[in-house]
Amino acid sequence: MFTGSFSRALAVAGMAVLVLAGCSAGAPLPPPPLDDAAALQRDQQAFVDAMEPRSPGGSRPVIAVLASNDGTEMTDLLLPYAVLGRADIAEVRIVAPRAGRVDLFPALQVDGAQDFAGFDRAHPSGADYVVVPAMMKDDASEITAWLRRQSQQGARVIGVCSGALVVGQAGLLDGRRFAGHWYDRGTLLKRHAGSTHVPHRRYVVDRGVATTTGITASVPAMLALVEAIGGREKASALAAELGVASWSPVHDSTPFGLDAGKRFAYLLNKAAFWRGERWSVEVRDGMDDVSLALATDAWERTGRVRVEAVSASGPVRLRSGLVLLARPAAGDDAPRLPLSATLKPVPQLDRTLCEIAGRHGGARRDWVMLEMEYPAQQGAAACTG
């Protein structure tokens, strides 16, 4: 029997093989458009307009962050839940097939999910919004059926990163425009008749269904959702807390992809999971979910580090209120994952990428940025400070 962390490592390695098998270059992407401020503003406003509450001034919206108990992408789940909860504009719940624990990948576990039956009893008219992270299995029938029912009841759906695969399996991408992580583009186009990939945008909305590019696009997308529900001032305040100046959909998609040489190198990197050092991240009550997720995600994606949460007091309650599971810190002599108590979340990611480059080289950092679909000019900025 494998340990939990080793099983997750196997799963991530296996997912990398599937990624390469399904990653199709397809038609070359068009060059990014010229910096057209009016077009960007129009696309950002289209998202905000599409996500505005259906009954302004009515009861607080209900936002379900969908999860698979057996494997949900860590940042895709933790960041939306934390940012939306911090905004205090809606009732936010993690909803999964089973109540309780959710295993995250590439690391960590949380507790506190509400099961589908409990959510449906509490909200018989359904959620106002459903945020869909990437999941280990994108076609779990119980999950896709529940998501489809929520959409039929009027929920707006936001697929974060490879959560677009889950959204598609629920039948919600046929004939629609979509963004999605770069390695899903060919798969989504093949699966969904009449669908259209939209490059060079961090988020795209089409008739109540929104999708984003890679993991880090959850930052601008959630800020745009906060603006839609709570107004621009609320979104601006949260952006300042996160350490970002804008939540524009601007994005250059052209650097994100794998040619034949890169595909082989990528597979070797992911297949060498057994070479990873075991690191610990010491967690405590009130810890910032977003900083923890972004930094842990980045280090795990080097293929050289396996991260486990440790605590002096067992499970901890993060800043969002979500319970993070942790093993005892006593006697643990593993290297500690470096986290700054003073950096805001996105600058923390920038600093983490700089530290990865210092430890494993710039090429390894670039692989991480490729996976997280994080623009190069942002990741390199912290290394000069």
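Residues numbered from 1 in each chain as written. Predicted model: local features only at pLDDT ≥ 70, side-chain atom pairs only at ≥ 80, totals over all residues. Heavy atoms only, no water.

Enquirer: Quick one: what's the story with unusual backbone geometry, residue by residue and with numbers?
Expert: With an omega of 10°, the peptide bond between F105 and P106 qualifies as cis. With respect to the helices, strands and loops of the structure, P106 is situated in the loop between β4 (100–105) and β5 (109–115). Notably, D88 is not glycine yet its phi reads approximately 55°, a positive angle. Of note, D88 is situated in the loop between α3 (74–87) and β3 (91–96). (Helix = DSSP H or I, 4+ residues; strand = E, 2+ residues; numbered from the N terminus.)

Enquirer: Could you give me a rundown of the packing of α3 against helix α11 (residues 289–300), with the residues and numbers involved?
Expert: The N-to-C vectors of α3 and α11 enclose an angle of 165°; their axes lie 9 Å apart at closest approach. One finds that α3 runs roughly antiparallel with respect to α11. α3 and α11 meet at a crossing whose hand is left-handed. Residues M74, T75, L78, L79, A82, V83 and R86 of α3 form the contact with α11, whose participating residues are D289, V290, A293, L294, T296 and D297. (Axes fitted to C-alpha atoms, helices over the stretch in contact; angles between N-to-C directions. Parallel < 35°, antiparallel > 145°, perpendicular 65-115°, else oblique. Left-handed = near helix turned anticlockwise from the far one by under 90°. Contact = heavy atoms within 4.5 Å.)

Enquirer: Explain the pattern of salt bridges to me, and be specific about the residues and the numbers.
Expert: Tallied over the entire structure, the rule returns 25 salt bridges. For R101, the salt bridge identified is with D103, shortest N-O distance 2.7 Å. For R101, a relative accessible area of 42% puts it in the partly exposed group. Overall, the relative accessible area of 22% leaves D103 in the partly exposed class. Two residues, R336 and D332, come together in a salt bridge whose shortest N-O distance is 2.6 Å. Connected via shared salt-bridge partners are R278, E282, E308, R327, D332 and R336. (Salt bridge = Lys/Arg side-chain N within 4 Å of Asp/Glu carboxyl O. Buried < 20%, exposed > 50% of the residue type's maximum accessible area, 1.4 Å probe, protein only.)

These figures capture arrangement, not role.
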